[in-house]
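Examining the three-dimensional arrangement
These are the residues of each chain, in order.
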Amino acid sequence: MGAAAAVATDLSLLLLFAVQHTVMARQRFKTWLRRRVPASFERATYVLATDVALTMLLVFWQPFGGRVWHVDGPFSEVLWALYAGGWALSIGATFAVDHLELVGLRQAGWAVGSRNRAPRGLQVAGLHAFVRHPLMTGLILCVWVTPSMGVSHLLYAAGASAYIAVGIRFEERDLRRTFGAAYDDYAARVGAVLPRPSTWRG
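What you see is a predicted model; the values in this text were computed from it and never measured.

Tallying secondary structure elements over the protein gives nine helices and two strands in all. Here the C-alpha coordinates of the protein stretch approximately 55 × 50 × 30 Å along the principal axes. The proportion of buried residues among the 202 residues of the protein is 32%. Pairs at least 24 residues apart make up 74% of the contacts formed inside the protein by residues separated by at least 6 positions. When the accessible surface of the protein is split by element, carbon and sulfur atoms take 67% of a total near 12,200 Å². Here the protein contributes 20 positively and 12 negatively charged side chains, and the mean placements of these two sets differ by 9 Å.

Mapped onto the fold, Gln 62 is located in the loop between α3 (42-60) and β1 (67-70). Given a relative accessible area of 24%, Gln 62 falls into the partly exposed group. The spatial distance from the C-alpha of Gln 62 to the C-alpha of Met 1 is 8.2 Å, given a sequence separation of 61 residues. Here Gln 62 is in contact with Met 1, Ala 6, Thr 9, Asp 10 and Ser 152, once residues within four sequence places are set aside.

Take the nonpolar core next. One finds Ala 6, Leu 13, Leu 14, Leu 57, Trp 61, Phe 64 and Leu 155 forming the largest nonpolar core, which totals seven residues. For this core, the element with the most residues is helix α1 (residues 3-23), which contributes three residues. Within the second largest apolar cluster, five residues are counted, among which are Leu 175, Tyr 186, Ala 187 and Val 190.

The next point concerns the side chain of Gln 20. Relative to the assigned elements, Gln 20 resides in helix α1. Exposure remark for Gln 20: the relative accessible area of 11% places this residue in the buried category.

Turning next to the packing of aromatic side chains. The final tally for this structure, using the stated rule, is five aromatic pairs. Taking the centre distance of 5.6 Å and the plane angle of 85° together, the rings of Trp 80 and Tyr 83 count as edge-to-face. Pair noted here: Trp 80 and Tyr 83 are both in helix α4 (residues 74-93), with a separation of three residues, about one helical turn. With a relative accessible area of 49%, Trp 80 lands in the partly exposed category.

An α-helical segment advances 3.6 residues per turn. Residues three or four places apart therefore align on the same side. Between its first and last C-alpha, helix α7 (residues 151-179) extends 41 Å over 29 residues, near the 42 Å set by a 1.5 Å rise per residue. Looking at α7, one finds that the buried residues are Ser 152, Leu 155, Ala 157, Ala 160, Ser 161, Tyr 163, Ile 164, Gly 167, Ile 168, Glu 172 and Leu 175. Looking at the buried residues of α7, the elements they touch are α1, α6 (134-144), β2 (148-150) and α8 (181-189). Just beyond α7, the residue with positive phi is Gly 180, at close to 60°.

On to the pattern of salt bridges, then. Scanning the entire structure with this criterion turns up six salt bridges. Measuring nitrogen to oxygen at the nearest pair gives 2.6 Å for the salt bridge that ties Asp 174 to Arg 26. Of this pair, Asp 174 sits in helix α7 while Arg 26 is found in the loop between α1 and α2 (27-34), placing the two residues 148 residues apart along the sequence. A salt bridge links Glu 172 to Arg 176; the nearest nitrogen and oxygen atoms lie 3.1 Å apart. Pair noted here: Glu 172 and Arg 176 are both in helix α7, with a separation of four residues, about one helical turn. On the basis of relative accessibility, which here comes to 8%, the residue Glu 172 falls in the buried class. Look at the salt bridges and you will find they share partners, linking Arg 132, Glu 172, Arg 176 and Asp 184 into a network.

What follows covers a nonpolar patch on the surface. A grouping of Leu 16, Leu 48, Val 52, Leu 54, Met 56, Leu 58, Val 59 and Phe 60 is seen on the molecular surface, where their side chains present a nonpolar patch of about 730 Å² in accessible area. A relative accessible area of 54% means that Leu 48 is categorised as exposed.

Okay, the environment of Ile 164 next. Counting through the fold element by element, Ile 164 comes out in helix α7. Assessed through its relative accessible area of 8%, Ile 164 is described here as buried. Separated by 114 residues in the primary sequence, Ile 164 and Thr 50 place their C-alpha atoms 15 Å from one another. Beyond its immediate chain neighbours, meaning those up to four positions away, Ile 164 contacts Met 136, Leu 139 and Ile 140.

About the cut-offs
- Residues numbered from 1 in each chain as written.
- Predicted model: local features only at pLDDT ≥ 70, side-chain atom pairs only at ≥ 80, totals over all residues.
- Heavy atoms only, no water.
- Helix = DSSP H or I, 4+ residues; strand = E, 2+ residues; numbered from the N terminus.
- Buried < 20%, exposed > 50% of the residue type's maximum accessible area, 1.4 Å probe, protein only.
- Contact = heavy atoms within 4.5 Å.
- Areas by Shrake-Rupley, 256 points an atom, 1.4 Å probe, with all protein chains shown as cover.
- Lys, Arg positive; Asp, Glu negative; His and termini not counted.
- Charge placed at Lys NZ, Arg CZ, Asp CG, Glu CD.
- Core = buried A, V, L, I, M, F, W, Y, C linked by side-chain atoms within 4.5 Å.
- Phe/Tyr/Trp six-rings, centres within 6.5 Å; stacked < 30°, edge-to-face > 60°.
- Expected span 1.5 Å × (residues − 1).
- Salt bridge = Lys/Arg side-chain N within 4 Å of Asp/Glu carboxyl O.
- Patch = residues over 30% accessible without salt bridge, like charges linked within 9 Å, V, L, I, M, F, W, Y side chains within 5 Å.

Put into structure tokens, the structure is as follows:
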């Protein structure tokens, strides 16, 4: 496959994932979906669709181009450590929520008392005390921090970062609708993906 075809394929895969992950998360689509599947399976359906889109992205991604940068020695070890830190941050951020709830199993009745759980409030402690979206901070580290960056990887990193920026915008809008002034106050104090100096001093 030539470079132009590879770029077109990769961009299509990125767009597929972005559209699926964004559109299915919107309240209008959730209302439409609940008319076709039981409400208790709505979250699990969303997660399953996301898994399918992500699998397609990984399986059908077409590498192309040469190398953008490559480093060896101690600096590469620093980059690998930051890369591992990105994954640790991403995984650690998921513990702010119930994992069974995150993947839709609790809503589907896979845990005792799953149907009577009180809704969670605004999370401002732990990692969320430093950045509002620690999962996204970790993912940005994962896609960009590498000792060896190829052109194909660069396209993926740029596309993923663009989607993260758009996703944060939509999520922030929903959070402000849900929590109102409390979220506005939180956002004024804590950065979205990078800690503010005042946060560290605090």
